[in-house]
Amino acid sequence: MRIYLFSGMKKNCPGERDPRLTTHRTNSLPKKTNTSFTMAIHPIDFRYGTPEMKRVWSEDNRFTCIVRAEMALAHAQGVVGMIPAEDAAVIEKKALSASRVRAKEIEAEISHDTMAITRAISEVCGDAGRWIHYGATSNDILDTATGLQLKEAYDLLEKKLSTLMAVFLKRADETKNLICIARTHGQQGVPTTYGLRFAIWASEVSRHLIRLRESRPRVVVGQMTGAVGTMAAMGEHGIEVQAEMMKYLGIGSVDVSSQVISRDRYAEYIFLLANIATTLDKVGIEVRTLQRTEIGEVEESFSKKQVGSSTMPHKRNPIKSEQVCGLARIVRAMVEPALLNNTLWDERDLTNSSAERITFLETSILCDHCLQVMTGVIENLTINTEAVERNLRYLHGINLAESVMIELTKRGMKREEAHETIREASMEALSAKMPLAEILAVKPEVTEYVSAEEIAKLLQPENYAGLAGVQVENLMRKLAPYCTL
């Protein structure tokens, strides 16, 4: 949409209505003047996304990737002798000087985006331009261009995932001995450590890295198979041309295809990003939960002049984590159209095209954005150790009942009997709002096996963190070689 500003208007005479204030009864825009600006519509234009990932999916880069695909085709055909080698060399030298603006002008006349680009390339290549797009169908070029964009996207995502994993491991190392309360079903359980929490997230990100690296050769591919996939237009050179073309571009090559590359490949990419976004969503939810006023164990960084609420001056909200959680919903929502894009009629139809103009860029840009935001959240996350300690002691040992049950079983009581004995004592302690140690110390069926002093020791959180620290150290040794800060 274009909005036109009024400029250079003459001063109104007395009593004359200012045309700028006139309410028009028609839907027409005012006449264009010399001053204009483009209105941004999508928040990706002005709010979300990193410059590097936006560049990958920009119209300029898309145009460049299409031109590169046409160059690669000419190069390959020159190598195998389908076209004169000297003409292929001219195309390789001049094709990138083609203008996207010129291609748009041609498209306005012929209503075919790919043909418009091929004509724009032909114009700058002189006589050699007659070979542009020789033997190809539109999606040979368009899908191959998508492969080039995906290659760039994979590079960025791999770097961002590796950095996030490194940040998680760094925080895990810093907090491997910081004991805190764990929660299941929203209720306090036995202790864990912050180090183990960070390590669990690092481990999950490491699996996303594995998935990314494993899926890359399936997703980052191009094709040159012609109108319906038979390579008929290239005769006996088809397979050789496709292989040489993709080698030139540095991407994989399909084994077989119809007029389009099968979209199961792209669905795998979209699902990977949805899976990554869901991990970030999970981390964001945990940060938001732990930042609740009543818990108060962590806090996102908050700048000196940052405003938390337009009406409540005291607020310090976890807005970055909330943003990640919200955008993750959009990324996940793209899984269904990505799957449906594979259910095309016969050798192809066009229903995938319009959807992919949205799914690729939104999932890539928003997932990349969320990776960067969450990396900053974790890197700068403040941990309130006083609140951690307060919450750890909140139930006066009742949440450590398992430790006594385990010890009673170890010393001879039947496991079922130990569980019931400690369960009843725990309910009594909760009702009476008394420390569990005091309740257990006067029960002979318990003190027959463990003394009051031993019970008190068993109910100390620092004595029941298990091998959390060892697990963190083991994971750090395993993952450290594969991440960078």
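The model shown is predicted, which means the values in this text are computed figures rather than measured ones.

Hey, could you go over the overall build of the chain for me, with residue numbers and the actual values?
Counting its regular elements, the chain contains 20 helices and eight strands. Over its C-alpha atoms the chain spans a radius of gyration of 32 Å, topping by over 25% the 23 Å that the globule rule assigns to 485 residues. With the C-alpha coordinates of the chain rotated into their principal frame, the extents come out at 100 × 80 × 40 Å. Across the 485 residues of the chain, 47% fall into the buried class. Taking the intrachain contacts of the chain between residues at least 6 apart in sequence as the baseline, contacts between residues at least 24 apart amount to 77%. For the chain, the exposed surface amounts to about 25,700 Å²; the carbon and sulfur share of it is 53%. A distance of 7 Å separates the average location of the 60 positive side-chain charges in the chain from that of its 62 negative side-chain charges.

Break down the pattern of salt bridges for me, with residues and values.
Evaluation of the coordinates by the stated rule reveals 32 salt bridges. Measuring nitrogen to oxygen at the nearest pair gives 2.8 Å for the salt bridge that ties lysine 104 to glutamate 59. In this pair, lysine 104 sits in helix α5 (residues 100-110) while glutamate 59 sits in helix α3 (residues 59-80), placing the two residues 45 residues apart along the sequence. We note a salt bridge from arginine 102 to glutamate 123, for which the minimum N-O separation is 2.9 Å. Of this pair, arginine 102 sits in helix α5 while glutamate 123 sits in helix α6 (residues 113-124), placing them 21 residues apart in sequence. Connected through shared salt-bridge partners, Glu59, Asp60, Arg100, Lys104 and Glu107 make up one network.

Let's hear about the environment of proline 191: which residues, and what values?
Structurally, the position occupied by proline 191 is in strand β4 (residues 187-193). Distance from proline 191 to serine 111, taken between C-alpha atoms, is 65 Å for residues 80 residues apart in sequence. Look past the residues within four positions of proline 191 in its chain and what remains in contact with it is Ile179, Cys180, Ile181, Ala182, Leu392, Leu400, Pro461 and Tyr464.

Quick one: what's the story with the layout of surface pockets, residue by residue and with numbers?
A volume near 1,200 Å³ is recorded for the largest pocket. Lining the largest pocket we find 40 residues, and of these Glu59, Arg62, Asp113, Ser353 and Arg357 sit closest to its centre. Listing elements by their share of the lining of the largest pocket, those giving two or more residues are α1 (43-46), α3, α5, α6, α7 (138-174) and α13 (351-379). Top contributing element to the lining of the largest pocket by residue count: α13, with nine residues. The residue inventory of the lining of the largest pocket, partitioned by class, reads 13 nonpolar, 13 polar and 14 charged. Volume-wise, the second largest pocket comes out at about 610 Å³. Every residue lining the second largest pocket is counted, 24 residues in all, and those nearest its centre are Gln188, Gly189, Leu395, Ile398 and Asn399. Listing elements by their share of the lining of the second largest pocket, those giving two or more residues are β4, α15 (401-410) and α16 (415-432).

Give a detailed account of helix α20 (residues 468-479), specifying residues and quantitative values.
A rise of 1.5 Å per residue sets the reference length of α20, with its 12 residues, at 16 Å; its end C-alpha atoms lie 17 Å apart and thus fit the reference within 8%. Within α20, burial applies to Ala468, Gly469, Val472, Leu475, Met476 and Leu479. For α20, the angular spread of the buried residues around the axis is 125 degrees, confining them to a single face. Exposed and facing more than 90 degrees away from the buried side of α20 are Arg477 and Lys478. Next to the buried residues of α20 lie α7, β4 and α8 (194-219).

Got a sec to walk through the side chain of threonine 144? Specific residues and values, please.
If you trace the backbone, threonine 144 turns up in helix α7. By relative accessible area, threonine 144 is classed as buried at 0%. Setting aside chain neighbours within four positions, we find threonine 144 in contact with Ala69, Asn139, Gly222, Gln223, Met245, Met246, Leu249 and Ile251.

Let's hear about empty space enclosed by the protein: which residues, and what values?
Picture a little ball the size of a water molecule; that probe, rolled over the atoms, points out where space is still empty. For the structure on display, the rule yields one cavity of 30 Å³ or more. In this structure, the largest cavity encloses a volume near 50 Å³. Around the largest cavity, the lining residues are Tyr194, Arg197, Phe198, Trp201, Glu286, Val287, Leu290, Val298 and Leu381. Broken down by secondary-structure element, the contributors of at least two residues to the lining of the largest cavity are α8 and α10 (264-290). Sort the elements by how many residues they give to the lining of the largest cavity and α8 lands first, with four residues. Class assignment for the residues of the lining of the largest cavity results in seven nonpolar, no polar and two charged.

Quick rundown of the packing of α3 against α6? Include the residues and the values.
Describing two packed helices takes the angle between their axes plus the distance from one axis to the other. The contact between α3 and α6 brings their axes to 11 Å, and the two run at 65 degrees. The angle between α3 and α6 places the two elements in the roughly perpendicular class. Judged by the sense of rotation from one axis to the other, the crossing of α3 with α6 is right-handed. Of α6, the residues touching α3 (which contributes Phe63, Ile66, Val67 and Glu70) are Ile117, Thr118 and Ile121. Residues belonging to the contact of α3 with α6 are distributed by class as follows: five nonpolar, one polar and one charged.

Give a description of unusual backbone geometry that names residues and reports values.
You will see that histidine 133, though not glycine, has its phi angle at about 70 degrees, which is positive. Summarising the element assignment, histidine 133 is placed in the loop between α6 and α7. Residue classification places histidine 133 among the buried residues on the basis of a relative accessible area of 14%. We note that lysine 433 has phi near 55 degrees; this positive angle belongs to a residue other than glycine. Overall, the relative accessible area of 75% leaves lysine 433 in the exposed class.

So what's going on with the packing of aromatic side chains? Which residues, and what values?
For the structure shown, the criterion picks out eight aromatic pairs. For the ring pair tyrosine 154 and tyrosine 269, a centre distance of 5.5 Å and an interplane angle of 35 degrees mean the geometry is tilted. Within this pair, whereas tyrosine 154 is found in helix α7, its partner tyrosine 269 is found in helix α10, the two being separated by 115 residues in sequence. For the pair shown, tyrosine 154 and tyrosine 269 are each scored as buried. Among the aromatic residues, those joined into a cluster by ring pairs are Trp57, Tyr154, Tyr266, Tyr269 and Phe360. If you follow arginine 130 out to its NZ or CZ, it ends over the ring of tryptophan 131, 4.1 Å from the centre. The positively charged end of arginine 197 is found above the aromatic ring belonging to tyrosine 194, 4.9 Å away from the centroid.

How each quantity is defined
Residues numbered from 1 in each chain as written. Predicted model: local features only at pLDDT ≥ 70, side-chain atom pairs only at ≥ 80, totals over all residues. Heavy atoms only, no water. Helix = DSSP H or I, 4+ residues; strand = E, 2+ residues; numbered from the N terminus. Rg over C-alpha atoms; globule rule 2.2 N^0.38 Å. Buried < 20%, exposed > 50% of the residue type's maximum accessible area, 1.4 Å probe, protein only. Contact = heavy atoms within 4.5 Å. Areas by Shrake-Rupley, 256 points an atom, 1.4 Å probe, with all protein chains shown as cover. Lys, Arg positive; Asp, Glu negative; His and termini not counted. Charge placed at Lys NZ, Arg CZ, Asp CG, Glu CD. Salt bridge = Lys/Arg side-chain N within 4 Å of Asp/Glu carboxyl O. 1 Å grid on protein atoms, 1.4 Å probe; cavity = no way out; pocket = protein on both sides within 12 Å on 5 of 7 lines; lining within 4 Å. Points joined across faces, edges and corners; volume = space filled by probe spheres on them. Nonpolar A, V, L, I, M, F, W, Y, C, P; charged D, E, K, R; others polar. Expected span 1.5 Å × (residues − 1). Arc of directions from axis to C-beta. Axes fitted to C-alpha atoms, helices over the stretch in contact; angles between N-to-C directions. Parallel < 35°, antiparallel > 145°, perpendicular 65-115°, else oblique. Left-handed = near helix turned anticlockwise from the far one by under 90°. Phe/Tyr/Trp six-rings, centres within 6.5 Å; stacked < 30°, edge-to-face > 60°. Lys NZ or Arg CZ within 6 Å of the ring centre and 35° of its normal.

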